[in-house]
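Summary of the model geometry
Spelled out, the chains give:
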Amino acid sequence: MLPVPVQRPFTQFVLKVHSRCDLSCDHCYVYEHADTSWRGKPRSVSEHVLKATAARVGEHARAHRLTAVHVVLHGGEPLLAGPAVLRSAAELLRAALPEGCALDLRIHTNAVRLSEDFCELFAELGIKVGVSLDGDRVANDRHRRYADGRSSHATVLAALELLRRPAYHHLYAGLLCTIDVENDPVAVYDALVELSPPRIDFLLPHATWDEPPKHPDHLGPTPYADWLLAVHERWTAHGRPVPVRIFDSVHRTLRGRSSLTESLGLDPAGLVVVETDGTFEQADSLKTAFDGAPQTGFDVFTHTLDQVATHPGMMERQSGLAGLNQQCRSCSVVRSCGGGLFAHRYRTDRGFDNPSVFCGDLMTLITTIRDQTAPAGLPAQAGPAARPLTEAQLDELATGFGTRSTVRALADAQLGLTRKLLAALSARDAEPWSLLTELDDAAPHALDTVLAHPYARAWAVRCLEDDPGADLGGLAELAAAAALRAGREFELPVPVREGAVHLPTLGRVLVGGAGKAVLHATAGSFTVRGVTIDSNTPDGPVWQPVRRAELAGGLTLALEDTDPQRDAHQWPVAGRLPEAELRAWSHGLREAWELLERDLPEYAAGFPTGLTTVTPLRPGPDGRDVSAAARQAFGAVGIARPNTSSTLALLLAHEFQHVKLGAVLDFHALYDPADDRRYHAPWRPDPRPLEALLQGTYAHLAVTAYWGTRVRAAVGPSREAAERARVQLATWRGHTARAVETLAESGSLTALGLRFTDGMRSTVGQWLSLDVGPAAERAAVERAAAT
């Protein structure tokens, strides 16, 4: 039989493993609301049902090529099912999924039975744990009690202490709190935050137009919005220390992004429930509408999930804006509200063709947050003004030097420029852009760390120039890397390039294939194409992190050998460094940095704030030393590792000059760009454009100083080496001095450009008087003539 077409495949499954509970919560939609079907369900799910369920989920995943499915083990109270049933469910589900489809498996519990043995089981099986708790003891005891009236609060807190242990903290998924407007919102929020949850869910109590939510007379017209806004104010004032799903969803939907919850937004629902008897049901929340409301008439033994998707209720919940009543469709906040939770629209005479019974509260909540929130999008001008440097800083840089603070100003300006370039690309790929704007608001440091990556700008420029080798997947890579740094839970399609998913500043995951893959991040780990990476994943054949060289004084440099955008230099880049080569690089960089700090402190001063990345290059022709900066990659230099640390120091100093001057030229005009003449560069046989001559002259200030300090200190293992240093100094000071005068006489420098020329002339002039001897001078003249 041909499969029945579906609007959207199911990706979320609620698997009921037990139909009874050991608490007697009076606000429970399963036992206390309209539906009574639980009475006829088996207490515990059978192995037969588990096998059939796993087979249906695996069948669906294969048919729709799903990269991940999300399963929640639920009840009743799922821990009542016992460890054997929970183990069987996990193992059967995992075995049924096709290769490349990840299983995000969770259990939602009241936690009164959660023990160390259960935690060990969940750690073994990779099951995350969500816990229901309504706040402090006063709030929790209002509803969550045992049948004999005893409090469950202390028992739940003891269970949460288990989840907060280092051995089990990675299992802790978050807390779910049902709102009661008679509870103190701030006290509830503070009590929950004190338990260090990775996420908090605040749920509106289930209600319908037939059975409206309670509304105490002493409260205003929108008590649920007022309650949530009090929490939102506290949450915002404390710097949003934990993700709160309802608030994050409002912020996301206001920016045109998907919601994180079915109760908000217009995203089609992709959830189905499997009861303990194997019947498929719609969302559990429908149990609050009328008896039998969630039933579909389908079961795991005789029906596919594609058939389940044809149920009218399923189709209505996937119909987005078209499925709402006229009042909702014409509402100004419909794309955030989405008509509220489907169950909350029910009224006997009109079915679900109504606004939410919480309509006024949702309107107040969303519009208040909207009015308090800055407009969406990265700032058009983040950080520095159009001319980021002071006059004193410009004069300092003109000499070839640059203190930490001055180079920091350049770095800040470059970050602002990268943000503008990304903003110009925003309309081309809305989903990652929405995540970036969300992170800009909630986790700016994590975002800035990724956007400061040198090759973020290189990629953006390629895209804006319509480079045929560029694609917009880099926006998703940047968003995913920043969100991972921020510790956010998210899902995002990312490109697979040459068999790998690349995460700028973090590394790459080797997943095989091409195209796109969905990256699913949870607290402490992420999964893509069935590969899960966490803090314990070693560097190896699957996960290849960006590795760093640790230098004296706390300076670290990324050895970038994974980013596909790093091929921005004029020489080919090297591949992944073997361990021996990595050690050689680290050792060489440590020694080179010590030499630079000792011999060239004025040039090295800006390294800690301006140089973040060294990209290994392949050796040049005949194995000669090659290096290059990239005009659009501030903070990076490309180098083929030379044989000696002293040569590495020279190449670092030379290329960092290019990095600094390129950043200056982005904001300050030093020459007339209309001058298309070519000028003689003493160090090259071919004439060069004016900017290239300016760049070369500036870089050779550091080269001159390098050889000058070696001559002055008489550095060299032999007489031949000392003589070579004298010839090099004579050569490079002569080249640089002549180039300075060529620039000054070009007639194309601006007033600021002439100031830069004066600064460079002053710096190279300090080396002109150092005596190198007649032999070195003659050798330098001969070399210049040969050039």
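Note: the structure precedes this text.
Residues numbered from 1 in each chain as written. Predicted model: local features only at pLDDT ≥ 70, side-chain atom pairs only at ≥ 80, totals over all residues. Heavy atoms only, no water.

The subject of this paragraph is the overall build of the chain. The helix and strand inventory of the chain stands at 27 helices and 23 strands. Taken across its 787 residues, the chain has 58% of its residues classed as buried. Restricting to contacts in the chain with at least 6 residues of sequence separation, those with at least 24 account for 70%. When the accessible surface of the chain is split by element, carbon and sulfur atoms take 52% of a total near 31800 Å². Distance between charge centroids for the chain: 4 Å, based on 79 positive and 94 negative side chains. (Helix = DSSP H or I, 4+ residues; strand = E, 2+ residues; numbered from the N terminus. Buried < 20%, exposed > 50% of the residue type's maximum accessible area, 1.4 Å probe, protein only. Contact = heavy atoms within 4.5 Å. Areas by Shrake-Rupley, 256 points an atom, 1.4 Å probe, with all protein chains shown as cover. Lys, Arg positive; Asp, Glu negative; His and termini not counted. Charge placed at Lys NZ, Arg CZ, Asp CG, Glu CD.)

With respect to topology, three strands assemble into an open sheet ordered β11-β12-β16, the strand pairing being antiparallel. Single-partner strands in this sheet number two, and they are β11 (500-503) and β16 (543-545). Adjacent strand axes in the sheet meet at a mean angle of 15° when their direction is disregarded. In terms of strand pairing, strand β12 (residues 507-510) meets β16 through three bridges, oriented antiparallel. Its bridge partner lying in β16, Arg508 is registered against Gln544. (Pairing = 2+ DSSP bridges. Axes fitted to C-alpha atoms, helices over the stretch in contact; angles between N-to-C directions.)

Look at helix α2 (residues 83-96): 20 Å from first C-alpha to last across 14 residues, which is about the 20 Å you get at 1.5 Å a residue. Every buried residue of α2 is listed here: Val85, Leu86, Ser88, Ala89, Ala90, Leu93 and Ala96. The secondary structure elements touched by the buried residues of α2 are β1 (12-16), α1 (47-63), β2 (68-74), β3 (102-109), α3 (116-125) and β4 (127-132). (Expected span 1.5 Å × (residues − 1).)

What follows covers the pairing of β2. For β2, a buried count of six out of seven residues is recorded, marking the element as mostly surrounded by other parts of the structure. Two strands pair when backbone bridges link them, and β1 and β2 are joined in this way by five bridges, in the parallel orientation. When the sheet's bridge partners are listed, Val14 is paired in β2 with Val72. Considered for its hand, the β-α-β crossover made up of β1, α1 and β2 is right-handed. The pairing of β2 with β3 spans six bridges and is parallel. Its bridge partner being in β3, Ala68 is matched across the sheet by Ala102. Between the parallel pair β2 and β3, the chain is carried across by α2, and the sense of this crossover is right-handed. (Right-handed = clockwise from strand over helix to strand, strands pointing away.)

What follows deals with the environment of Leu175. Considering the arrangement of structural elements, one finds Leu175 in strand β5 (residues 172-178). For Leu175, a relative accessible area of 3% puts it in the buried group. Sequence separation between Leu175 and Asp134 is 41 residues; the distance between their C-alpha atoms is 8.7 Å. Beyond its immediate stretch of four places on either side in the chain, Leu175 contacts Val131, Leu160, Leu192, Leu195, Pro197, Arg199, Ile200 and Asp201.

Further remarks concern helix α16 (residues 430-442). When the terminal C-alpha atoms of α16 are compared, their 18 Å separation across 13 residues agrees well with the 18 Å that a helix rising 1.5 Å per residue should span. Within the sequence span of α16, burial applies to Pro432, Trp433, Ser434, Leu435, Leu436, Thr437, Glu438, Leu439 and Asp440.

Let us now look at the pattern of salt bridges. Counted according to the given criterion, the structure contains 54 salt bridges. Glu91 serves as the salt-bridge partner of Arg87, at 3.2 Å between the closest nitrogen and oxygen. Here Arg87 and its partner Glu91 are both found in helix α2, four residues apart, which amounts to about one turn of the helix. Note that Asp201 is salt-bridged to Arg245, the shortest N-O span being 2.7 Å. Taken together, the residues Asp201 in strand β6 (residues 200-203) and Arg245 in helix α8 (residues 245-254) connect sequence positions 44 residues apart. Overall, the relative accessible area of 24% leaves Arg245 in the partly exposed class. (Salt bridge = Lys/Arg side-chain N within 4 Å of Asp/Glu carboxyl O.)

This next bit is on the state of the cysteines. Scanning all chains against the criterion turns up zero disulfides. Of the cysteine sulfurs around Cys21, a residue in no disulfide, the closest is that of Cys25, at 5.9 Å. (Disulfide = S-S within 2.5 Å.)

Before going further, it helps to examine unusual backbone geometry. Geometrically, the link from Gly75 to Gly76 is a cis peptide bond, its omega value of 20° lying close to zero. Counting through the fold element by element, Gly76 comes out in the loop between β2 and α2. One non-glycine residue, Thr505, adopts positive backbone phi at about 80°. The topology assignment puts Thr505 in the loop between β11 and β12. Its relative accessible area of 16% is what places Thr505 among the buried residues.

This is a description of form; function is not addressed.
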